[in-house]
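So the chains spell out like this:
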Amino acid sequence: MKKIFYLFYCLMAVFAFSACSDDDDAPEISQISVNLQYPEGVKPAAGVKVLMKNASNGVVFDQMTNEAGVAVFAIPEGLYEASVSEKRVEGGKVTVFNGVDPNFNVDGITKSFNLKLEQSNGGSVIIKELYFGGCPKDDGSGRFAMDQYVILYNNADVTIDLSNFAFAMVNPFNSQGGKNKDYVDGVLSYAKEHKVPAGVAVWYFGDKVSLEPGKQIVVSMTGAVDHTQTYSKSVNLANSEYYCFYDLENFNNAKYYPAPFEGIAASHYLKSYKYGLGNAWPLSQMSPAFFVFEPQGTTLKSFIDDPSTLNNYGGNENMGRHMVPESWVVDGVEVFKEGETTNQKRLTNAVDAGFVSFTNGLGYTVYRNVDKAATEAIVGNKEKLVMGSDDPSGIDAEASIKNGARIIYMDTNNSTKDMHVRKTQSLRK
């Protein structure tokens, strides 16, 4: 009997020792406060969701702020990315506050962190879709990517004049590589100036263009022709309603710019102001940083002609850029190459606080997420919605539009939350 009792005692001791050992190996839990720092004059708000993403395992924790704009977490020690995106609507005006910091070191010592928020205006016109990565060739020999396009969409309830809009991209053209010369001490050098660089050239509408509520405009950026005649997984951009980049005085590379479909009127040709080298506008096929802007208080030509706005990337005169104020940007989207560890952001947080990870050459496209609550709130809309898609809401936006529904898309100036990768181009019928 004593032996049995002694054996039981030993087993219990071993179990207790093991349990203690496991506890010793477990990460320490720290209670920390994340204080949202709004721009001067802006009052904090309660109920704003703050996210903390663990850099080592990807686990995400979230908490809501109190009335002082503070979110309290109890989380394991480690390196975290903190992020927040808040949208406020007052009198029809949309204001967005975004903040991202990838280097929150929760170490059990620091009890409070500050997260700075950038303020920007929520645009009425959004980039609904950006197709740039190309598709597989039918014979399996590679990919075809001279079929790029962008779709702008009027997310508002009033008609918007697009006549002064300009299309731009940031150089460096790719996100990957980890050698972006704009970074100084880990920070984008132009972020403090609240500007973003437009590389090589900007494109603009030649004539007056307006966009009605819930309507879209398709702009072919390379090859306004029917590409499906050669590559079945591509798109047909031969449509008289479409617009296209076509300015042979500045860009005469026939591979990029074959003669447009004859049904597209010359008034639908976008022109360019060029200040960089090359015979084509080389929007990245892997990871572009693309944006649309509208000059304020000046004309596009005057802006481009102003030498004070010129900034040469890395001091190289052949890498000309013009610095666009963040307040002029209508919408932008940052794309990272999927699977790369060297990706670096080029758009500032006020323009796009996030990014979309993308794999090119498969016919995929970057597409705007549906704002489910706003879309379902439209009277008579819910029964017209078609479910079943890649969209996080589950709503198939294109099928719903064909079914007579009005779609409201997400617009928080954070493409991580606003965009997803669609497996087929929306223009494919």
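Refer to the structure presented above.
As a convention, each chain's residues are numbered from 1 in the sequence order in which they are written. At least 70 in pLDDT is required for a residue's local features to be given in this predicted model, at least 80 for side-chain atom pairs to be given and counted, and no such filter applies to totals for whole chains, interfaces and linings, which use all residues. Excluded from the side-chain calculation are hydrogens and water; included are all heavy atoms of the structure.

1. A closer look at the environment of Gly 276
Thinking step 1. Secondary structure counts use DSSP, requiring at least four H or I residues in a row for a helix and at least two E residues in a row for a strand, with both numbered from the N terminus. If you trace the backbone, Gly 276 turns up in the loop between strand 22 (269-274) and strand 23 (289-293).
Thinking step 2. Exposure is judged per residue with a 1.4 Å probe applied to protein chains only, and the accessible area is read against the type maximum: over 50% gives exposed, under 20% gives buried, and values in between give partly exposed. Residue Gly 276 is classed as buried on the basis of its relative accessible area, which comes to 12%.
Thinking step 3. In this structure, the C-alpha to C-alpha distance between Gly 276 and Val 187, residues 89 residues apart in sequence, is 25 Å.
Thinking step 4. Those residues in contact with Gly 276 that lie beyond four places of it in its chain are Val 200 and Asn 318. Contacts are assigned to residue pairs with any non-hydrogen atoms lying within 4.5 Å of each other.

2. Quick word on the side chain of His 268
Thinking step 1. Its location among the elements puts His 268 in the loop between strand 21 (243-245) and strand 22.
Thinking step 2. Classification of His 268 as buried rests on a relative accessible area of 16%.
Thinking step 3. As used in this structure description, the phrase polar contact means that two N or O atoms lie within 3.5 Å; if the pair is within protein, one of them must be able to donate a hydrogen and the other to accept it, and residues adjacent in sequence are counted only when both atoms belong to side chains. Among the polar contacts made by the side chain of His 268, one reaches the main-chain carbonyl oxygen of Tyr 242 at a distance of 2.9 Å.
Thinking step 4. Discounting chain neighbours no more than four positions away, the residues touching His 268 are Ser 240, Glu 241, Tyr 242, Tyr 243 and Cys 244.

3. Some details on the layout of surface pockets
Empty space among the atoms can be located by rolling a probe the size of a water molecule over them.
Thinking step 1. The volume enclosed by the largest pocket comes to roughly 1400 Å³.
Thinking step 2. Lining of the largest pocket is provided by 42 residues; of these, Val 100, Asp 101, Pro 102, Lys 345 and Asn 349 occupy positions nearest its centre.
Thinking step 3. Among the secondary structure elements, those contributing two or more residues to the lining of the largest pocket are strand 2 (49-54), strand 5 (78-90), strand 6 (93-106), strand 7 (112-116), strand 16 (187-188) and helix 5 (415-418).
Thinking step 4. For the lining of the largest pocket, the leading source of residues is strand 6, giving six residues.
Thinking step 5. Under the scheme applied here, ten amino acids are nonpolar (Ala, Val, Leu, Ile, Met, Phe, Trp, Tyr, Cys and Pro), four are charged (Asp, Glu, Lys and Arg), and all others, including Gly, are polar. Partitioning the lining of the largest pocket into residue classes produces 18 nonpolar, 15 polar and nine charged.
Thinking step 6. Put plainly, a pocket is an open set of points on a 1 Å grid over the protein atoms alone with protein on both sides within 12 Å along at least five of seven lines, a cavity is a set where a 1.4 Å probe fits but cannot get out, and a lining residue has an atom within 4 Å of a point. Taken together, 30 residues form the lining of the second largest pocket, with Lys 128, Gln 216, Val 218, Glu 241 and Tyr 242 sitting closest to its centre.
Thinking step 7. Looking at the lining of the second largest pocket, its residues break down into 12 nonpolar, eight polar and 10 charged. Grid points are joined across faces, edges and corners, and a volume is the space filled by probe spheres set on the points.

4. A few points about the packing of aromatic side chains
In this description, an aromatic ring pair is defined by two values, namely the gap between the centres and the angle between the planes.
Thinking step 1. Each Phe, Tyr or Trp ring, with Trp reduced to its six-membered ring, pairs with another whose centre is within 6.5 Å; inter-plane angles below 30 degrees give stacked pairs, above 60 give edge-to-face pairs, and intermediate values give tilted ones. Applying the stated criterion across every chain yields a total of 24 aromatic pairs.
Thinking step 2. Here the aromatic rings of Phe 104 and Phe 113 are separated by 4.7 Å at their centres, their planes lie at 35°, and the arrangement is tilted.
Thinking step 3. Residue classification places Phe 104 among the buried residues on the basis of a relative accessible area of 2%.
Thinking step 4. Measuring from ring centre to ring centre gives 6.1 Å for Trp 203 and Tyr 257, while their planes differ by 45°; the resulting arrangement is tilted. Taken together, the positions of Trp 203 in strand 18 (residues 201-204) and Tyr 257 in the loop between strand 21 and strand 22 put the pair 54 residues apart, joining distant regions of the chain.
Thinking step 5. The exposure class of Trp 203 is buried, given its relative accessible area of 0%.
Thinking step 6. With a relative accessible area of 3%, Tyr 257 lands in the buried category.
Thinking step 7. An aromatic cluster is present here, built from Phe 167, Trp 203, Phe 205, Tyr 243, Phe 245, Phe 251, Tyr 256, Tyr 257, Trp 281 and Phe 290 joined pairwise through their rings.
Thinking step 8. Either the NZ atom of lysine or the CZ atom of arginine qualifies as a charge over a ring when it sits within 6 Å of the ring centre and within 35 degrees of the ring normal. Looking at Arg 422, its charged tip hangs above the ring of Tyr 367, at a distance of 5.3 Å from the centre.
Thinking step 9. Above the plane of the ring of Tyr 364 lies Lys 423, whose end atom (NZ or CZ) is 5.3 Å from the centre.

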